[in-house]
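Inside the fold
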Amino acid sequence: VQLVESGGGLVQPGGSLRLSCAASGFTFSSYRMSWYRQAPGKELELVAHISKFGGIKNYADSVKGRFTITRDNAKSTVYLQMNSPKPEDTAVYYCNRGLLHPLEYDYWGQGTQVTVSS
């Protein structure tokens, strides 16, 4: 399993950013995919997840209406579109396969840092 997150950076409140996660080493279309984040001093939390073919999406209440998760099975990539980010969205963002409690995973990619600040 390999997961490579990218697209993070510094963004102003109210701006937009799109994160990508390129997956390899497994049959991408056989798994739900999830985005998690870890803010400084806090535990990993689930942000959004998407079903195998993208028909079902769910979001944490804190990002609902602002973030959108999508996937491209042909490219083995999952995306997180972040619109109107807030300073409290500042975190390292990770993707992973399936929908597990963060402590249940035995592999994480390097993540991508998102900083929301003016």
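These numbers were taken from a predicted model, which means no experiment stands behind them. (Residues numbered from 1 in each chain as written. Predicted model: local features only at pLDDT ≥ 70, side-chain atom pairs only at ≥ 80, totals over all residues. Heavy atoms only, no water.)

Attention shifts here to the pattern of salt bridges. Between side chains of opposite charge, a pair can form as their charged atoms come close. This structure, assessed with the given rule, holds four salt bridges. Asp89 is paired through a salt bridge with Arg37; the nearest N and O atoms lie 2.9 Å apart. A residue pair is termed long-range when its members are at least 10 positions apart, and Asp89 in the loop between β8 (77-83) and β9 (91-97) and Arg37 in strand β4 (residues 33-38) qualify at 52 residues. As far as burial versus exposure is concerned, Asp89 and Arg37 are alike and both buried. Across the pair Arg66 and Asp89 runs a salt bridge, and its minimum N-O distance is 2.7 Å. On the criterion of sequence distance, the pair formed by Arg66 in the loop between β6 (57-59) and β7 (67-72) and Asp89 in the loop between β8 and β9 is long-range, its members being 23 residues apart. Residue classification places Asp89 among the buried positions, given a relative accessible area of 1%. If you follow the salt bridges from partner to partner, you end up with Arg37, Glu45, Arg66 and Asp89 in one network. (Salt bridge = Lys/Arg side-chain N within 4 Å of Asp/Glu carboxyl O. Helix = DSSP H or I, 4+ residues; strand = E, 2+ residues; numbered from the N terminus. Buried < 20%, exposed > 50% of the residue type's maximum accessible area, 1.4 Å probe, protein only.)

Unlike most non-glycine residues, Ser76 shows phi in positive territory, near 50°. Along the chain, Ser76 turns up in the loop between β7 and β8.

Attention shifts here to the packing of aromatic side chains. Per the stated rule, a full pass over the model turns up six aromatic pairs. On the numbers, 5.3 Å between centres and 90° between planes, the contact of Phe26 with Tyr31 is edge-to-face. The interplanar angle of 70° and the centroid separation of 5.6 Å between the aromatic rings of Tyr94 and Trp108 together place this pair among those described as edge-to-face. Highlighted residues: Tyr94 in strand β9 and Trp108 in the loop between β9 and β10 (112-116), separated in sequence by 14 residues. When its relative accessible area of 15% is taken as the criterion, Tyr94 is described as buried. A connected cluster of aromatic rings, assembled from ring pairs, spans Tyr36, Tyr94, Tyr105 and Trp108. Its end group placed over the ring of Phe28, Arg71 keeps NZ or CZ at 4.4 Å from the ring centre. Above the ring of Phe26, the side-chain terminus of Arg97 is found at 4.9 Å from the ring centroid. (Phe/Tyr/Trp six-rings, centres within 6.5 Å; stacked < 30°, edge-to-face > 60°. Lys NZ or Arg CZ within 6 Å of the ring centre and 35° of its normal.)

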